[in-house]
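Below are the chains, spelled out letter by letter.
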Amino acid sequence: MRLNCFDSAATAQMGIDSTLCCLVSGFSRYYPDIDDWFAAKVIPGMFNGTRRIIAKSDGESIHGLAILKKDLVEQKICTLWVHPSQRGFGLGQRLIDEATEWLGCKQPILSVPQEVNAHFNRLLTRNGFELRQRILNAYRPGTYEFVYNGELNKSDGFSVLQ
């Protein structure tokens, strides 16, 4: 398995295939606008250097993924995911380590949907992440989004398209 970094549009076009797009689309159960966000923010952000994708794969399947945002206002792990069969082997830690290195920040913002928040507890605690905000209806009605190391800006509304 290898850790791939897509930090420019050129490497993204070579490496972002249907497998990665389908994986990201699968997160729509938590973030209904994620396909629009990926196309409107992530891909263009790789052109201007504000976005990066880290994907761990074996050449056929993606086993872990981090999508990062770094600009003058925010250093954020937008997406952090490890395939259930790969959990407990240090892949989440490797993704966080590489993410914080690229972001230049040991305490980046990270938000987690309520359904999976408990799965992140050990990893986030070990890395010093602090729960700062719990928002009802942030991305979906009747659900909470847990925000670590910062706050989501309410004046922008709560859209995954940030």
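Notes on the structure in this doc start here. (Residues numbered from 1 in each chain as written. Predicted model: local features only at pLDDT ≥ 70, side-chain atom pairs only at ≥ 80, totals over all residues. Heavy atoms only, no water.)

## A closer look at the nonpolar core
Cut-off, in case you're wondering: Take the buried Ala, Val, Leu, Ile, Met, Phe, Trp, Tyr and Cys residues and link them wherever side-chain atoms come within 4.5 Å; each set so joined is a nonpolar core. Burial classification: accessible surface area is computed with a 1.4 Å probe over protein chains only, and a residue below 20% of its type maximum counts as buried, one above 50% as exposed, and the rest as partly exposed. Numbering of helices and strands starts at the N terminus; helices are DSSP runs of H or I of at least 4 residues and strands are runs of E of at least 2. Any two residues whose heavy atoms approach within 4.5 Å at even a single point are treated as in contact.
With 46 residues, the main nonpolar core has Ile53, Leu65, Ile67, Leu68, Ile77 and Leu80 as its most contacted residues. Here this core gets six residues from one element, more than from any other, and that element is helix α4 (residues 91-103). Here Leu65 is in contact with Leu20, Leu23, Val24, Phe27, Ile53, Ile54, Ala55, Thr79, Leu80, Trp81 and Leu95, once residues within four sequence places are set aside.

## Re the side chain of Thr79
Along the polypeptide, Thr79 turns up in strand β4 (residues 75-82). Ignoring anything within four residues of it in the chain, the contact list for Thr79 reads Phe27, Trp37, Leu65, Ala66 and Ile67.

## Focus: the pairing of strand β7 (residues 144-148)
The condition is simple: One bridge is not enough; two strands pair if DSSP finds at least two bridges between them.
For β7, the buried fraction is high: four of the five residues fall into the buried class. Here strand β5 (residues 109-113) pairs with β7 via four bridges, running antiparallel. Each bridged residue has a counterpart across the sheet, and for Leu110 the counterpart in β7 is Tyr148.

## Section: the environment of Leu91
Relative to the elements of secondary structure, Leu91 occurs in helix α4. Along the chain, Leu91 and Trp81 lie ten residues apart, while their C-alpha atoms are 9.5 Å from each other. The residues touching Leu91, leaving out its near neighbours within four places in the chain, are Lys56, His63, Gly64, Val82 and Gln86.

## Focus: the pairing of strand β2 (residues 51-57)
The buried count for β2 comes to seven of seven residues, which makes it a mostly enclosed element. Neither face of β2 is exposed, since Arg51, Ile53, Ala55 and Ser57 on one face and Arg52, Ile54 and Lys56 on the opposite face are all buried. Bridge analysis of β2 against strand β3 (residues 62-70) gives seven bridges, and the strand direction is antiparallel. By the bridge assignment for β3, Arg52 is matched with Leu68.

## Focus: the packing of helix α2 (residues 18-26) against helix α3 (residues 34-48)
Quick reminder of the rule: Geometry is summarised by axes, namely lines fitted to C-alpha atoms with helices restricted to the contacting stretch, and by angles between N-to-C directions that run from 0 to 180 degrees. Just so you know how the angles are binned, under 35 degrees is roughly parallel, over 145 roughly antiparallel, 65 to 115 roughly perpendicular, and the rest oblique. In this classification, Asp, Glu, Lys and Arg are treated as charged, Ala, Val, Leu, Ile, Met, Phe, Trp, Tyr, Cys and Pro as nonpolar, and every other residue, Gly included, as polar.
The contact between α2 and α3 brings their axes to 8 Å, and the two run at 130°. Here α3 runs oblique to α2, going by the angle between their axes. The residues of α3 that touch α2, namely those facing Cys21, Val24 and Ser25, are Ile34, Asp35 and Phe38. For the contact of α2 with α3, the class distribution of residues is four nonpolar, one polar and one charged.

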